[in-house]
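Descriptive analysis of the structure
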Amino acid sequence: MKTGEKPAPRRWKPWLLAGLYAAAVLIWLIWGMVNAALAAGLAPWRPEVDDFVLEGIAAREEPYADYTAPLVSTDADPQMQYPTPVTVNGVAFRLRGHLPTGTPALYYRAAGETAYHELYPQSYDSSTGEYIFTFSVLREVELRLDPVTTAGCIFELSDLCFNVSRPFWRYLVPDLDELVLLAVCPLLCFAAAAEIVSMVRAGRDRKKDKRE
């Protein structure tokens, strides 16, 4: 390097980005193992439809087909609100209707929250009508299930189960949304770190130029 020539700026090394990805994966694995340990203490249990507070849903007095306990939606936004807070890691049930039911949605909110968080099923078996929602353990949350999306739909909801059993490895495998998060967060952290270091170096160079 010639006298008076500024040294070439150091370049960010690939191992830094790799380290951020490794840290993200490690954090995810730890989080998954914690959730698996918490879920191990949750026993599956089966509430009845009558345990819920029904809004926009009524029991059908006349029998329908081979439905054991037919229900009918009286408006386009039928809801089933569980009356007490619960700790859950999943919800499963079977659903069939004489009209297209649409995709059911599950909502939850923690104590003190006014807005619900929305969840959609991770799996659906068209041969049995079984929907399964799985998620990280939610502690003491209010649950609301919107089973159908159409008014005047005769439907039956059966085999309802809170706390869905999952193999240990499933807690360590991210779903699509979580995979995107794992891919994007290290890049954002890397970009933020690069910007901060660049600003620090620029300020240091300005001070050095003033002294010269």
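Here, every reference points to the structure presented above.
What counts and how
Residues numbered from 1 in each chain as written. Predicted model: local features only at pLDDT ≥ 70, side-chain atom pairs only at ≥ 80, totals over all residues. Heavy atoms only, no water. 1 Å grid on protein atoms, 1.4 Å probe; cavity = no way out; pocket = protein on both sides within 12 Å on 5 of 7 lines; lining within 4 Å. Points joined across faces, edges and corners; volume = space filled by probe spheres on them. Helix = DSSP H or I, 4+ residues; strand = E, 2+ residues; numbered from the N terminus. Nonpolar A, V, L, I, M, F, W, Y, C, P; charged D, E, K, R; others polar. Buried < 20%, exposed > 50% of the residue type's maximum accessible area, 1.4 Å probe, protein only. Pairing = 2+ DSSP bridges. Disulfide = S-S within 2.5 Å. Salt bridge = Lys/Arg side-chain N within 4 Å of Asp/Glu carboxyl O. Core = buried A, V, L, I, M, F, W, Y, C linked by side-chain atoms within 4.5 Å. Contact = heavy atoms within 4.5 Å. Polar contact = N/O pair within 3.5 Å; in protein donor to acceptor, adjacent residues only side chain to side chain.

**Quick word on the layout of surface pockets**
Gaps between atoms show up when a probe of the same size as a water molecule is rolled over them. Estimates place the volume of the second largest pocket at around 320 Å³. What lines the second largest pocket is a set of 18 residues, and nearest its centre among them are Thr134, Phe135, Ser136, Asp175 and Glu178. Elements represented by at least two residues in the lining of the second largest pocket include exactly α1 (14-40) and β9 (130-146). Within the lining of the second largest pocket, the residues separate by chemical class into nine nonpolar, five polar and four charged.

**Some thoughts on the pairing of strand β5 (residues 86-97)**
β5 sits mainly inside the fold: nine of its twelve residues count as buried. In this structure, β5 lies alongside β9, joined through seven bridges in antiparallel fashion. Along β9, the bridge assignment pairs Val86 with Val141. Here β5 pairs with strand β10 (residues 154-162) via six bridges, running antiparallel. Among the inter-strand pairings, Val91 is bridged to a residue of β10, identified as Phe162.

**Here we look at the state of the cysteines**
If you walk through the whole model with that rule in mind, you get zero disulfides. Cys189 takes part in no disulfide bond, and the closest cysteine sulfur, belonging to Cys185, lies 6.3 Å away.

**Some details on the pattern of salt bridges**
Per the stated rule, a full pass over the model turns up five salt bridges. As a salt-bridge pair, Arg96 and Glu156 come within 3.0 Å of each other at their nearest N and O atoms. Remark: Glu156 occurs in strand β10 and Arg96 occurs in strand β5; sequence separation between them is 60 residues. Residue classification places Arg96 among the partly exposed residues on the basis of a relative accessible area of 33%. For Glu156, a relative accessible area of 8% corresponds to the buried category.

**Details of the nonpolar core**
In this structure, Phe93, Leu106, Leu143 and Leu157 are the most contacted members of the largest nonpolar core, which totals 27 residues. Counting residues per element, the ones that place at least two in this core are β5, β6 (105-110), β9 and β10. The leading source of residues in this core is β9, at seven residues. In this structure Leu106 touches Val91, His117, Glu118, Leu119, Phe133, Phe135, Leu143, Arg144 and Leu145, once residues within four positions along its chain are discounted.

**A look at unusual backbone geometry**
At Glu140, a residue that is not glycine, the phi angle is positive and equals roughly 50°. Mapped onto the secondary structure, Glu140 falls in strand β9. Classification of Glu140 by relative accessible area gives partly exposed; the value is 49%. One non-glycine residue, Asp159, adopts positive backbone phi at about 50°. Here Asp159 is to be found in strand β10.

**Some remarks on the side chain of Thr87**
Locating Thr87 in the fold gives a position in strand β5. Classification of Thr87 as buried rests on a relative accessible area of 18%. Within polar-contact distance, the side chain of Thr87 engages the backbone nitrogen of Glu140 at 3.2 Å. Not counting residues within four places of it along the chain, the set of residues in contact with Thr87 comprises Leu42, Val137, Leu138, Arg139, Glu140 and Asn163.

Structural measurements only, silent on function.
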